[in-house]
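Single-letter residue listing:
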Amino acid sequence: MTKSSPALPVASLANIEESTKATAILTRIAKSLAKSLQTWYQANRRDLPWRQDQNPYLIWISEVMLQQTTVAAVIPYFERFVIRFPDVHTLAKAELSEVLEHWAGLGYYSRARLLHLSAKALCQQDFPQKAELLLKLPGFGPYTSRAVASLAFGQRVGVLDGNVIRVLCRVMGFKVRWWQTAERVKLQEIADLFVQSGSPSAINQGLMELGATVCTPKNPLCILCPWNTQCVARKEDKIEQLPLKRPRKKIEFWIWKPELHVKKDKVLLVENNYAPFLKKQMLFPGTIQESPKKPKKFDARHSITHHDIYIQIAKKINYPLTNRTAGNLEHKWVAIKNLKSVNPSSLLQKVIQAGKKMI
Ligand code: SF4
C-alpha cells in the first residue's frame with residue numbers, strides 16, 4: 001500500500017477494530033478519496049441557483065427543499081420562494097399561509113412550518129455558524145445543521161444523506177445496516193473523516209453530487225467516477241448489492257371517517273391530534289381506525305408514506321358546532337376555497353371532492 005494510493009481494505013464496518021491503527025488507516029483512505037473527489041467536483045459541479053455564493057439562508061432553504069425531492073423538481077420552487085422571501089427577515093414576517101402556498105407541491109408541509117418558525121428565531125440572532133448551534137433551531141436535524149455549517153461556514157463536519165450513504169458503502173465495500181443508529185453513527189464518523197482536510201463545502205457537495213449524478217442507485221456511470229480504480233464494490237462486482245436494502249415498512253390500512261361541518265361556504269377544521277398522519281396540522285374532525293385489510297367500500301383513497309388511507313365521509317353536520325366535535329381542540333372555520341392555504345395536503349381536497357354532494 002503506497003501513501004498516495006491507499007488500498008480500501010474493509011468489507012464490513014463490523015470488521016473495523018476500534019483501534020488507533022484502524023482509525024489511522026481509515027483517515028488516510030478518506031483523505032486520499034476526498035482529494036480526488038474535490039478535484040472532480042470542482043470540474044463537474046452543476047451550476048445550481050443556491051450555489052451562486054455561500055449565503056447560509058439560501059443554502060438552508062435549498063437543503064430543506066431537497067429533502068425527499070430531486071434537484072430538477074426543486075429549482076422552480078426554490079426560485080419562486082426566494083424571489084418572494086429573499087432573506088430570513090422577509091420569511092419571518094410573512095404569514096404562514098403564504099409560506100405554505102409557496103411550498104404547495106413540494107409535500108411534507110411540516111418542513112415549511114418549521115422553516116417559518118426557525119426564520120422567526122433567526123431574526124433575533126446572528127445566523128449560527130456551527131452545526132451544534134443550528135441543531136437547536138426548529139426543523140434543523142443533524143443533516144441540515146451539518147450541511148449549512150459546512151457549506152456556508154466551512155465547518156469540518158461531514159454530511160450523511162441517502163446519496164452519501166450509497167457512495168460510501170460502495171467505494172469502501174461496507175455491508176452495513178445503515179438505517180440502524182449504531183451503524184449510522186459509524187458512517188457519520190467516516191463522513192467526518194472526509195472533511196478533515198481540503199474544503200468541507202466542496203467535499204460534502206462532491207459526495208452528494210457524485211451520488212446524484214454518477215453513483216446513482218441503478219446503472220452508475222463508473223467510467224466517469226474519480227474513484228473507479230479504488231472502488232471496492234466495483235472490484236468485487238457488488239455494486240447492485242450495495243448499499244444494503246432497508247427492509248420496507250409494512251403498509252398500514254386505515255379507515256378515516258372525516259366529518260364535514262358546514263357553515264355557508266366554510267368547513268370546520270381542528271388541530272389533528274387523533275390521526276397518525278399530518279400530525280398537528282388542521283384537518284377535518286372525525287374518527288380513525290386501523291384495518292387488518294383493505295376495506296371494500298370507501299369514498300376516496302389517499303396514501304401518505306406507509307399509511308394507506310380509505311376515506312369514508314362520516315356525515316355532513318350543520319352549524320352550530322357541538323362541543324363533542326371540537327371539544328378543547330384548536331379549531332377554525334375555513335372557506336373551502338382557502339383550504340389549501342391552511343393545509344395544502346391533497347388529502348383535504350379529496351375529502352371535499354368526495355363530499356361534494358353533501359355540501
Ligand atoms: S466506481 Fe462506480 S460504484 Fe464505485 S463509487 Fe464510483 S460510481 Fe459508485
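Everything in this summary refers to the structure shown in the same document. (Residues numbered from 1 in each chain as written. Predicted model: local features only at pLDDT ≥ 70, side-chain atom pairs only at ≥ 80, totals over all residues.)

What to know about the overall build of the chain
Turning to step 1, where the next piece is worked out: A count of helical and extended segments in the chain gives 15 helices and 8 strands.
Turning to step 2, where the next piece is worked out: In the chain, once contacts between residues fewer than 6 apart in sequence are set aside, the share between residues at least 24 apart is 69%. (Helix = DSSP H or I, 4+ residues; strand = E, 2+ residues; numbered from the N terminus. Contact = placed C-beta atoms within 7 Å.)

Re the site of the ligand
Turning to step 1, where the next piece is worked out: In the vicinity of the ligand lie 14 residues, with Cys-215, Pro-220, Cys-222, Cys-225 and Cys-231 positioned nearest.
Turning to step 2, where the next piece is worked out: Every element with two or more residues in the shell around the ligand is listed here: helix H9 (162-172) and helix H12 (232-235).
Turning to step 3, where the next piece is worked out: When its residues are assigned to classes, the shell around the ligand shows 11 nonpolar, 1 polar and 2 charged. (Near = placed C-beta within 6 Å. Nonpolar A, V, L, I, M, F, W, Y, C, P; charged D, E, K, R; others polar.)

Quick notes on the packing of helix H5 (residues 96-103) against helix H6 (residues 110-122)
Turning to step 1, where the next piece is worked out: Put simply, H5 and H6 touch, their axes get as near as 9 Å, and they point 135° apart. The pairing of H5 with H6 is recorded here as oblique in orientation. Considering the relative orientation of H5 and H6, their crossing is right-handed. The residues of H6 that touch H5, namely those facing Leu-96, Val-99, Leu-100 and Trp-103, are Ala-112, Arg-113 and His-116.
Turning to step 2, where the next piece is worked out: Of the residues belonging to the contact of H5 with H6, the class tally is 5 nonpolar, 1 polar and 1 charged. (Axes fitted to C-alpha atoms, helices over the stretch in contact; angles between N-to-C directions. Parallel < 35°, antiparallel > 145°, perpendicular 65-115°, else oblique. Left-handed = near helix turned anticlockwise from the far one by under 90°.)

Focus on the nonpolar core
Turning to step 1, where the next piece is worked out: If you look at the biggest cluster of nonpolar residues, it comprises 69 residues, and the most contacted ones within it are Ile-61, Val-164, Leu-168 and Phe-194.
Turning to step 2, where the next piece is worked out: Ranked by residues supplied to this core, first place goes to helix H2 (residues 56-66) with 8 residues.
Turning to step 3, where the next piece is worked out: Setting aside anything within four residues of it in sequence, one finds Leu-168 in contact with Phe-174, Leu-187, Ile-190 and Ala-191.
Turning to step 4, where the next piece is worked out: Among the nonpolar cores identified, the runner-up in size contains 17 residues, and Leu-260, Leu-268, Leu-347 and Leu-348 belong to it. (Core = buried A, V, L, I, M, F, W, Y, C linked by C-beta atoms within 7 Å. Buried ≥ 20, exposed ≤ 12 C-beta atoms within 10 Å, placed from the backbone.)

With respect to unusual backbone geometry
Turning to step 1, where the next piece is worked out: Each neighbour pair has its own omega, and for Leu-242 with Pro-243 the value is -5°, a cis peptide bond.
Turning to step 2, where the next piece is worked out: Mapping Pro-243 onto the fold places it in the loop between H12 and strand E1 (252-263).
Turning to step 3, where the next piece is worked out: Its identity is not glycine, yet Asn-219 carries a phi of approximately 45°, on the positive side.
Turning to step 4, where the next piece is worked out: With respect to the helices and strands, the residue Asn-219 is situated in the loop between helix H11 (200-213) and H12.
Turning to step 5, where the next piece is worked out: A count of 8 C-beta atoms within 10 Å places Asn-219 in the exposed class.
Turning to step 6, where the next piece is worked out: Non-glycine residue Asp-237 carries a positive phi angle of around 55°.
Turning to step 7, where the next piece is worked out: Topologically, Asp-237 is positioned in the loop between H12 and E1.
Turning to step 8, where the next piece is worked out: A tally of 8 C-beta atoms within 10 Å means that Asp-237 is categorised as exposed.

Focus: helix H10 (residues 181-194)
Every α-helix winds through 3.6 residues per turn, so residues three or four apart in the chain are directed the same way.
Turning to step 1, where the next piece is worked out: Between its first and last C-alpha, H10 extends 20 Å over 14 residues, near the 20 Å set by a 1.5 Å rise per residue.
Turning to step 2, where the next piece is worked out: Looking at H10, one finds that the buried residues are Leu-187, Ile-190, Ala-191, Leu-193 and Phe-194. Viewed end-on, H10 has its buried residues packed into an arc of 155°, placing them on one side of the element. When the buried face of H10 is taken as reference, the exposed residues oriented beyond 90 degrees from it are Thr-181, Ala-182 and Val-185. (Expected span 1.5 Å × (residues − 1). Arc of directions from axis to C-beta.)

Some thoughts on the pairing of strand E6 (residues 307-311)
Turning to step 1, where the next piece is worked out: The pairing of E1 with E6 spans 5 bridges and is classified as parallel. Across the sheet, Ile-255 pairs through a bridge with Tyr-310, a residue of E6.
Turning to step 2, where the next piece is worked out: Taken together, the 5 bridges between strand E5 (residues 300-304) and E6 define a ladder with antiparallel strand orientation. Bridging across to E6, His-302 finds its partner in Ile-309.
Turning to step 3, where the next piece is worked out: Taken together, E5 and the strand that follows it, E6, pair antiparallel across an intervening segment of 2 residues, in which Thr-305 is found at a positive phi of about 45°. (Pairing = 2+ DSSP bridges.)

Quick word on the pairing of strand E2 (residues 266-271)
Looking down a regular strand, the side chains alternate between one sheet face and the other.
Turning to step 1, where the next piece is worked out: Of the strand pairs in this sheet, E1 and E2 are connected by 2 bridges, and their pairing is antiparallel. Each residue of the ladder has a partner; that of Lys-263, found in E2, is Lys-266.
Turning to step 2, where the next piece is worked out: Where E1 folds back on E2, the antiparallel hairpin that results is connected by 2 residues, among which Lys-264 adopts a positive phi of roughly 55°.
Turning to step 3, where the next piece is worked out: Sheet analysis places E2 next to strand E8 (residues 331-335), joined by 5 bridges and oriented antiparallel. From the neighbouring strand, Lys-266 faces E8, where its bridge partner is Ala-335.
Turning to step 4, where the next piece is worked out: Pairing of E2 with strand E3 (residues 282-283), which is carried by 2 bridges, proceeds in the antiparallel orientation. Bridge pairing in E3 places Glu-271 opposite Met-282.

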